[in-house]
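# Geometric and topological summary
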Amino acid sequence: MSVIDRGHDPRLRAALLGGRSPAFWRSLDELADTPAFRAFVDSEFPRLAGRFAAAPDRRAVLKLLAASLAMGGLTACTKADHILPYVDKPADVVPGKALHYATTLVVGGYGFGAVVESHEGRPTKIEGNPDHPASLGATDAIMQAACLSLYDPERSRLPLRDGQPSDWSAFLAGITTLRAELSARRGAGFALMTGPLTSLTQAWLVEQLRAAYPQMLVCIHDPLAATGADDALASLFGAPTRILPHFDKADVIVSLDDDLLGDGPGKLAHDRAFAARRIVRDGARTMARLYAMESTPTVTGATADHHWAVRASAVPAVAAALAARLGVGGGAPGAAAVPDAALDAIAADLRAAPGRALVTAGAHQPKEVHQLAQAMNAALGAFGTTVDYIASPEYRPAGAVDVVGLAERMGRGEVTTLLMLGVNPAYDAPGDLAFADALRKVPRTIHAGLYVDATAKAARWHVPAAHDLERWGDARAFDGTASIVQPLVRPLYGGHAAEEILSALLGRYNFTPLEIVREFWRTEGGLDDAAWAAAVQKGIVPDTAPPRILFDARPIVPAIAAQPPSGIDVRFVADPWLRGGEFANNAWLQELPRPLSKIVWGNPALLAPATAARLGVATGDVIAVASGNARVTLPVSVEPGHPEEVLTLTLGFGQKDTGAVGKDVGTDVYPLRAASSPWMLADVTVTRTGDRARVITTQHHQSMEGRDIVRSGTLAEYVADPDFAERPETPASDTLYPPWPYREEAWAMVIDQTACIGCMACVSACQAENNIPTVGADEVANGHEMHWLRIDRYYSGAVDRPAVDFQPVPCMQCEDAPCEVVCPVNATVHTHDGLNAQVYNRCVGTRYCSQNCPYKVRRFNFLEYQPYGEGSASPLAALMNPDVSVRSRGVMEKCTYCVQRIERARIDARIADQPIADGAITPACAQACPTQAIVFGDKNNTTSRVSRLKAQPLNYALLDDLNTRPRTTYLARLRNPNPALAQDTKETPNG
Amino acid sequence: MAEARAATAKLVRGDPGYPEITGRIASIVLAGRLPRAFWLGFLAFFLLMLLFLFAIAYLVAVGVGKLGIDIPVAWGTMITNVVWWIGIGHAGTLISAVLLLFRQHWRNSINRFAEAMTLLAVAMAGLFPILHLGRPWFFYWLLPMPNTHMHWPQWRSPLVWDFAAIATYITVSLLFWYMGLIPDLAVLRDRAKSRGAQLFYGILALGWRGSAYHWKKHQTAYFLLAAIATPLVVSVHSVVSLDFAVGIVPGYHSTIFPPYFVAGALYSGFAMVLTIAIPLRSAFGLQDFITERHIENGARVMMASGMLVAYGYLSETFYDWYAGTPFDQYELVARALGPYAPCFWVMIACNVGVLQLLWFRRLRTSMVPLFIIAILINVGMWMERFVIVVTGPAQDFLPSSWNTATLTWLDFALLFGSLGTFFALMFLFIRILPAISIFEVAEEAHEEGSA
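Computed from a predicted structure; not experimentally measured.

Okay, the overall build of chain B next. Of the regular secondary structure elements, chain B holds 16 helices and zero strands. Since a compact globule built from 451 residues should have a radius of gyration of about 22 Å, the 23 Å found for chain B is in line with a globular shape. When its C-alpha atoms are laid out on the principal axes, chain B stretches across 70 × 60 × 40 Å. Within chain B, buried positions represent 52% of all 451 residues. When contacts within chain B are restricted to residue pairs at least 6 apart in sequence, those whose partners lie at least 24 apart make up 82%.

And the structure:
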């Protein structure tokens, strides 16, 4: 009962009016002298209970006052009693040596296998789990940022009841009452809302709940859900099915607005498989070819050999036209968005690769496009070779509704109790549902989440949820493989796993999450103790991937009605890092440049240069976008390669209720979203407001200016002249200084620009490994961002359809380093193994090294970005990698090939009295890279992988005419354009 | 007409006797009755000095991130100010030392305040490299100081040479200025009425009695110091220019820099001498000592050095084109048409355009226009330093990194604060010490046969 309720409490009223109350009262509870207050006093101060009952005399009151004063500070002393140092230390704990645990991070409901580095019980760094099919050892930026979310001091810390602090036992008491009601009404009026769910344990619990309360409603809410593929596959197979593309078997791939490399639960595996067919080494002379039609610029289009910017509403017509050329369906001979000649060439290319061709369709595209894609795949013999189907790993019970269905029922007053687990519908439900208002009308609402977000504020009860790194659980990967979520720490802020709440609803209060998960896997999953231990240790539960479904259905060929485009469309996209907004309070993700736009800390509307010119707007101008009653104002950013007459609006920003990091960053575009068509909005009104707002990017110049920076060529050029990337006119290396002798190793790196897809995982990994601070929107706008490694993105060719090149730029570790000679205090020095080391303690901050660095890879602590001084209690201090110094203000910092990992390997090698094996050291960037584009090793060892790559004819050094002799070199980018579209490639010369 | 020219050509106008020379100059200090305008002027500059102190405190407390710099333009106004102030200092050394050695007697009435100007300008210049640092409290790590920290300068770095050059310069300038002051301090001691002033000047005069023996030793030491100071006119700014010339950044990497910087230094230095001398002579009625000939000579030196600077611009442009690398050529165009184009054209207009007015003798000898020209040249030279410092790194090798630095309130506060401090100290100098060398003017008058 809350204070508000108490206002109507007749007992309180009586106490206030009846004059029976004590002269002074500390709270309304005491005034009312309720049994609850008595109980509280008894439980809090059991020894006082007796005394309190007897009326205290003056002397006793004074004694108590004095004692309170004297002992008031004692609560600050939390030193544990009876602590003892290790005498026999635990077998696996060596202070100073990191331990690694396998676990699973859940993003969008799907599991990504991770191996977490833990220092003395503090998780500090996420790596991919090589055994996990969705990771294969790689990570994406979101996984890397999980540790920051774990320690985020702004996470929810207390159960809240009507916004007032409460506690877990009070919550459980409420659940008891709720259970009684639910049992009585067989669950009628009760709705459970959860995000997309692949957790088998949670599904098991929900099934038990549905058995216990048959009338209950289950709502699966995912703001990023797209039903096109599900509907198309369900129409084919009759059951929820998931498509499983095999890019490693495909020679010709056509993406119909599918960001196959940058989005989805299988992206890391897809990246690896795709890169495997793209990398050309030694004798090989073939590579896969990718055509991409895209309705907003993506890394897939940037990586593709041919890409066309097509507005989302025109993709069905393109799909139909392509299908017609493959003999699937009739009619629809042309689609204006892609020239007929190109479609002819693509169709011919696809037909020439039967069994090795693959057509994929974007998740947000309508059902028809997916059906056409399946029909084309069937015609191309893709089933069983480049495409497989599996039963969907997602839990979707019969009768489950989405947020639209739930809102309808809420509107009809059919929902009296709503339990929301890990979802934020008050923020991310489509704007036309007015969900937040509907939520307030539900009598009993319970929310469990990591943050006190909009939903938590609207709900009567909020319970802090446990982060993936502090809970037990399980999840399935995109291919259905199950894995265990293993906690690295006990919940830092008293969070509780969803399993605990579900279990409590079943009447089992004292189960820990571990017991729940273990019980499921023992009873349902058939894991005995040894198998369980192996599954937890390895990070996957073997043989849990569902079998491939044999495709024997006849593909459905839908008819596509040509829609003449009208007005300006809106294409909604999930932010690649914040997704629907769940990671908005993560500063690493807010500050990580978006792969193509390089925008940070905001979500301007993206639009094509031609559209911007027509509307008379430039980057930074504020526009109002209106559709129906909804109106949103936000700045624009002009993006080359964006389809014309389309605005890309990014979800996940502009939250009012989150931590200080994510609050009011960017603009909330959910209000514009329509429940009927969540991903596209036709014919919106766009007006200039006349205001300006800043659009913060980390790259201000987009062209290579004709310089020899990213060298690229076509496969045909490479076959004709493998040495095309070499520049014989480069002068011989002359220097005044004697050459460095390298008696031991000479570390070096090779970055394959053909494999790089610009996904930014390496940048995020570098930030996590090297304690790199975030600086905030204002400081990035001042050019003070700190990422040691950046991915440069260059456009070339036509502005409406540019070729895109990515170039990851870490420190080049030059042999003749311009930085080393100019430092007046010896703070940047050449090591015996060839690194340009930075001695932070010696640096006084002249910044001469950065001025003289032609690659501009040095970063300066312009201000105190990480004020974790002695005595600082920020939980973020625990996030720091203890092997890397935290830099103070006024100090230059830079990439050192993760020197801490090199030294760790050297120590291990010395102890073992062995040379450091090739591959024993992997810098954080190389480890995270999903396409394995970054290779590190010893250049002195002629058999090392890095030496062999440096011997490749594609190898070149960036700005080699400056004679800096970089250790980091690049492999020139290869494209594989269709010779039949030669005219087309001429529009985008030189990559 | 011819008479008038002869009169203006004389270095000491009229016919003052020694006592009059001594009296008129010393009374500025000793009488202490300075016009109200003097103190109002001092107050204005003192307020700027307070701003300077606040800005320094803020910079040290919060960090250099509050300046407009960023990556890639990690050097900004702090380095600009160093180079500019050092340049201003050069004129003083040239006037006092080089012209002394060449027996250019016209220098005698302006050398004292020119030396003071040098000293104060170099003091300002010496502050800025420290304020530039990320961790200014560790500036002494640039010194070759054996200690337990085991830090030792990295001798290949031009910043170490720079540090040494500036430290040498400030030491020699101070000694030279003080050496010249000793006979005059003795005059002030002898003429002072109050006990405090007698003690103050007496201690500073180091027991000077004006004996022939003293004079002989003094002259020897003075000329010796002049001989030491003379190469500094060339070396200091050459070394400062190496900060840029050694760098590989387009726009920095240029062998023309040392002579071009020295010419620029003299140019801005003489502009500052005129900026001070013109108001000084009219405010204190010193037209007899600082004559039109002095002023015109200053203008002539400005012309010569300014034309050298213009030649420097030309040759830099030529070599950027002739070198044939895309980076230098891009830099050349970017400077004139890029984001810093306004700064570049202000620099050209002030340093090359306005300078051409000095071809007219009437302008060289009319005080108000000359004063305005001198100020414009000071502005132009600051712009030149700024353009050199920021345009190179703003658009160097990899276009992905290109970005511009901005100017924040702190940049302006430190620049104008340092100007205020400089002038406030100049006012104090005029109040406390003879702004014109008494003994040298007297000597000059004697040699001209007027006394």
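For the rest of this paragraph, the subject is the overall build of chain A. A count of helices and strands for chain A gives 34 helices and 37 strands. Considering chain A as a whole, with its 991 residues, one finds that 55% of them fall into the buried category. The long-range fraction of contacts in chain A, counting pairs at least 24 apart against all pairs at least 6 apart in sequence, stands at 73%.

Residues and elements named next belong to chain A. With three bridges joining them, strand E21 (residues 605-607) and strand E23 (residues 630-638) adopt parallel strand pairing. The residue bridging Leu607 from the neighbouring strand is Val638, located in E23. Where strand E22 (residues 621-627) lies against E23, six bridges are found, and the strand directions are antiparallel. Across the sheet, Val625 pairs through a bridge with Val632, a residue of E23. Counted between consecutive antiparallel strands, the loop separating E22 from E23 contains two residues, among which Gly628 sits at a positive phi close to 60 degrees.

All names here are of chain A. Ordered by their spatial adjacency, four strands build an open sheet running E11-E10-E9-E12, and the pairing between neighbours is parallel. The strands lining the two open edges of the sheet, one partner per strand, are strand E11 (306-309) and strand E12 (357-361). Across this sheet, the average inter-strand angle for adjacent strands is 10 degrees, counted without regard to direction. Note: strand E9 (residues 252-256) against E12, five bridges, orientation parallel.

With that settled, the discussion passes to the interface of chain B and chain A. Counting from both sides, the interface comprises 40 residues of chain B and, opposite them, 44 residues of chain A. Looking at the side of chain B that touches chain A, the elements that each hand over two or more residues are helix H6 (158-191) and helix H11 (326-337) of chain B. Of the residues forming the side of chain B that touches chain A, the biggest block, three residues, is contributed by H6 of chain B. A class-by-class count of the residues in the side of chain B that touches chain A yields 26 nonpolar, ten polar and four charged.

Right, let's get into the confidence of the model for chain B. Residues and elements named next belong to chain B. Residue-level pLDDT values for chain B average 86, and 95% of them are 70 or greater. Scored below 50 in pLDDT, residues 1-9 shows five contacts in the model against residues more than four places distant or in partner chains. On the interface metric, ipTM, the complex scores 0.91, and its pTM is 0.89.

Packed helices, taken two at a time, are described by the angle their axes make and the gap between the axes. Residue and element names in this part refer to chain B. Two numbers describe how helix H4 (residues 77-101) lies on helix H8 (residues 212-245): the axes approach to 8 Å, and their chain directions differ by 155 degrees. Accordingly, the angle class assigned to the pair H4 and H8 is roughly antiparallel. For the crossing formed where H4 meets H8, the hand is left-handed. Residue-level inspection shows Val83, Ile86, Gly87, His90, Thr93, Leu94, Ala97, Val98, Leu100 and Leu101 of H4 in contact with H8, the latter providing Ala226, Ala227, Ala229, Thr230, Leu232, Val233, Val236, His237 and Val240. The residue makeup of the contact of H4 with H8, split by class, is 14 nonpolar, five polar and no charged.

Okay, the sheet that holds strand E27 (residues 747-752) of chain A next. Residues and elements named next belong to chain A. Taken in spatial order, the four strands line up as E34-E27-E36-E35 in an open sheet, and their pairing is mixed. The outermost strands of the open sheet, each flanked by one partner alone, are strand E34 (934-938) and strand E35 (955-956). Here E35 runs beside strand E36 (residues 968-971); their pairing, made up of two bridges, is antiparallel. Among the inter-strand pairings, Tyr956 is bridged to a residue of E36, identified as Tyr970.

This part covers the packing of helix H14 (residues 315-325) of chain A against helix H15 (residues 340-351) of chain A. Residues and elements named next belong to chain A. At a minimum axis separation of 9 Å, H14 and H15 run at an interaxial angle of 50 degrees. Classified by the angle between their axes, H14 and H15 sit oblique to one another. As H14 runs across H15, the sense of the crossing is right-handed. Contact with H14, carried on its side by Ala321, Leu322 and Arg325, involves Leu343, Asp344, Ile346 and Ala347 of H15 and no other residues of that element. Looking at the contact of H14 with H15, its residues break down into five nonpolar, no polar and two charged.

All names here are of chain A. Inspection of the secondary structure puts Ala273 in helix H12 (residues 267-276). According to the C-beta neighbour criterion, Ala273 is buried, with 21 such atoms within 10 Å. Look past the residues within four positions of Ala273 in its chain and what remains in contact with it is His246, Phe247 and Asp248.

Our focus in this paragraph is the pairing of strand E20 (residues 568-574) of chain A. All names here are of chain A. Of all seven residues that make up E20, seven are buried, and the element is covered over most of its length. Alternating positions in E20 separate into two faces, Ile568, Val570, Phe572 and Ala574 on one and Asp569, Arg571 and Val573 on the other, with burial throughout. When E20 meets strand E25 (residues 680-692), the two strands line up antiparallel, connected through three bridges. Across the sheet, the residue bridging to Ile568 is Val684, located in E25. Bridge count for E20 against strand E24 (residues 646-651) is six bridges, and the pairing is parallel. When the sheet's bridge partners are listed, Asp569 is paired in E24 with Val646.

This brings us to helix H10 (residues 200-212) of chain A. All names here are of chain A. Taking 1.5 Å per residue, 13 residues should reach 18 Å; H10 reaches 18 Å between its end C-alpha atoms and fits that length. Every buried residue of H10 is listed here: Leu200, Thr201, Gln202, Ala203, Trp204, Leu205, Val206 and Leu209. Residues of H10 that are buried make contact with strand E6 (190-194), strand E7 (217-220), strand E17 (473-476), strand E18 (482-485), helix H21 (498-505) and helix H22 (513-523).

Caution applies to low-pLDDT regions: their predicted coordinates should not be interpreted in detail. Residues and elements named next belong to chain A. Taken residue by residue, chain A gives an average pLDDT of 88. The fraction at 70 or more is 90%. Low confidence marks residues 1-7, where pLDDT is under 50. Its contacts with residues over four positions away, or in another chain, come to nine contacts. Contacts from residues 985-991, a stretch scored under 50 in pLDDT, to residues over four places away or in other chains number 21 contacts.

Cut-offs and rules
Residues numbered from 1 in each chain as written. Chains lettered and ligands numbered in written order. Predicted model: local features only at pLDDT ≥ 70, side-chain atom pairs only at ≥ 80, totals over all residues. Helix = DSSP H or I, 4+ residues; strand = E, 2+ residues; numbered from the N terminus. Rg over C-alpha atoms; globule rule 2.2 N^0.38 Å. Buried ≥ 20, exposed ≤ 12 C-beta atoms within 10 Å, placed from the backbone. Contact = placed C-beta atoms within 7 Å. Pairing = 2+ DSSP bridges. Axes fitted to C-alpha atoms, helices over the stretch in contact; angles between N-to-C directions. Nonpolar A, V, L, I, M, F, W, Y, C, P; charged D, E, K, R; others polar. pLDDT = per-residue confidence, 0-100. Parallel < 35°, antiparallel > 145°, perpendicular 65-115°, else oblique. Left-handed = near helix turned anticlockwise from the far one by under 90°. Expected span 1.5 Å × (residues − 1).

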